[in-house]
Amino acid sequence: MTEITLTNATLAPCDGATENRVFSGWLRLKDGRIAEIGEGSADGQDLAGRLVTPALIDCHTHLVYGGSRGREFEQRLEGVSYEEIARSGGGILSTVNATRTASEDDLVASALPRLDALLAEGVAAVEIKSGYGLSVEDEIKMLRAARRLEKERPVRIMTTWLAAHALPPEYAGRAEVYLDEVVIAGLRAAHAEGLVDAVDGFCESIAFSAEQMARVFDVARELGLPVKLHAEQLSHQGGSQLVAARGGLSADHVEYATAEDAEALARAGSVAVLLPGAFYTLRETRMPPIAEFRAAGAAMALATDSNPGTSPLTSLLLTMNMGATLFRMTPTECLDGVTCHAAQALGLEDCGRLGVGMRADLAIWDVTDPAELTYRIGFNPLHCRYFGGRKC
């Protein structure tokens, strides 16, 4: 049995309230959980007034993949169009080819530095999607690599099946066959191996329709798996309504969501996951309907969307600043977006808040005002991190 009391702390519960109540107090950690919380002082380890929040959660990433797209970034800046890059074998196809070529060990090794960057900013839970293998074998390889990261670092990994991410060249013009042979067949195989925590897809005119994703979600329901969706990023395709109708965990991106979508998500308890890294990288101008989400009472999460093509971002602190600066979210919304609402977007009920019985996953910061975490750019005030009650 391990027990420790942290005292003289500035506590931010991150419980989803309109304004986070911050107070001076103490926490007692026991057997990896928060056993008690109190105001005032107590005997224990003195934190000298430092801010304590739940450890951060990155609820939407593509952290495992092969290769690099840095040269393509340079080409785009030089005026080469994305279509020209794709015709020459670049774009998502280059990542698919590199991922298929990479071994499971290669994928683990390349993902670790990206994961380490997140952990260094107080992150304790990360969602990782497949989606760059686009074959049964390679999609499963990605999820195996993602699960192995938990053995390499003190972190909680949630894995998501995203074979419905793009149509590989060998299935050109045969989307329905691809859904049957790879997306659905692979989902069954990955689930049988215990590798899937949730099911996702890219619902867009350049990817898969809401009707096609409904077929995949039918299988997810049969297997008892929760669903989420890349929805309304580039156009309005009805993905948010599909998520709401299925009681899904989240609709992600949602730049083209409507007030009706916001209301449907709120009624369903589905989270709107906002991804400002992709918005920034793609130089988008259509903002998510933040005011409509607020008015409907829909929970809003923030995530890095860390991926090689459209959001090569491995800083959740910068993501918070982007949420405020680009999307006009409040600092409270940004902090809740990477704690309690991010936990909700992953279906996790034991983390993301400071509360008795919650996991003792904590971030301790060399600041006293929670707004500092959103306000600063390129500055990491993390003092230390606790994972399951252990300092790391």
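Quick caveat: nothing in here was measured; it's all calculated off a predicted structure. (Residues numbered from 1 in each chain as written. Predicted model: local features only at pLDDT ≥ 70, side-chain atom pairs only at ≥ 80, totals over all residues. Heavy atoms only, no water.)

Undergrad: Go over the sheet that holds strand E9 (residues 198-203), please, and point to the residues and values.
TA: The eight strands are arranged E6-E7-E8-E9-E10-E11-E12-E13 in an open sheet whose pairing can be described as parallel. Here the strands that pair on one side only, and so sit at the sheet edges, are strand E6 (56-58) and strand E13 (300-302). Within this sheet the neighbouring strands show an average axis-to-axis angle of 25°, counted without direction. Across three bridges, strand E12 (residues 271-274) lies against E13 in parallel orientation. Across the sheet, valine 273 pairs through a bridge with alanine 301, a residue of E13. Across the sheet, helix H6 (residues 175-192) touches strand E8 (156-164) and E9, and the angle it forms with E8 is around 155°. (Pairing = 2+ DSSP bridges. Helix = DSSP H or I, 4+ residues; strand = E, 2+ residues; numbered from the N terminus. Axes fitted to C-alpha atoms, helices over the stretch in contact; angles between N-to-C directions. Contact = heavy atoms within 4.5 Å.)

Undergrad: Tell me about the pattern of salt bridges, residues and numbers included.
TA: Inspection of the entire model under this criterion finds 26 salt bridges. A salt bridge links arginine 71 to glutamate 78, with the nearest nitrogen and oxygen atoms 3.8 Å apart. Classification of arginine 71 by relative accessible area gives partly exposed; the value is 47%. A salt bridge links aspartate 116 to arginine 153; the shortest N-O distance between them is 2.6 Å. One end of the pair, aspartate 116, is in helix H4 (residues 104-119); the other, arginine 153, is in the loop between helix H5 (136-152) and E8, and 37 residues separate them in sequence. Within this structure, Glu127, Lys129, Asp200 and Lys228 form a network of salt bridges that share partners. (Salt bridge = Lys/Arg side-chain N within 4 Å of Asp/Glu carboxyl O. Buried < 20%, exposed > 50% of the residue type's maximum accessible area, 1.4 Å probe, protein only.)

Undergrad: Got a sec to walk through empty space enclosed by the protein? Specific residues and values, please.
TA: All told, the structure shown has one cavity of 30 Å³ or more when counted by the stated rule. The volume enclosed by the largest cavity comes to roughly 40 Å³. As for the largest cavity, its lining consists of Pro54, Ala55, Leu56, Ile57, Ala124, Ala125, Cys351, Gly352 and Asp361. Elements that contribute at least two residues to the lining of the largest cavity include exactly E6 and strand E7 (123-129). (1 Å grid on protein atoms, 1.4 Å probe; cavity = no way out; pocket = protein on both sides within 12 Å on 5 of 7 lines; lining within 4 Å. Points joined across faces, edges and corners; volume = space filled by probe spheres on them.)

Undergrad: How would you explain a nonpolar patch on the surface if you had to name every residue and give the values?
TA: A cluster of nonpolar side chains, namely Ile206, Leu234 and Leu282, defines an oily patch on the protein surface of about 260 Å² accessible area. Looking at isoleucine 206, the relative accessible area reads 65%, which means it is exposed. (Patch = residues over 30% accessible without salt bridge, like charges linked within 9 Å, V, L, I, M, F, W, Y side chains within 5 Å. Areas by Shrake-Rupley, 256 points an atom, 1.4 Å probe, with all protein chains shown as cover.)

Undergrad: Help me get a handle on the packing of aromatic side chains, residues and values and all.
TA: Applying the stated criterion across every chain, the model contains four aromatic pairs. Geometrically, the ring pair formed by tyrosine 171 and tyrosine 178 is edge-to-face, given 5.3 Å between the ring centres and 65° between the ring planes. The class of tyrosine 171 is buried, set by a relative accessible area of 12%. The class of tyrosine 178 is buried, set by a relative accessible area of 0%. (Phe/Tyr/Trp six-rings, centres within 6.5 Å; stacked < 30°, edge-to-face > 60°.)

Functional significance is not addressed by these values, which are geometric in nature.
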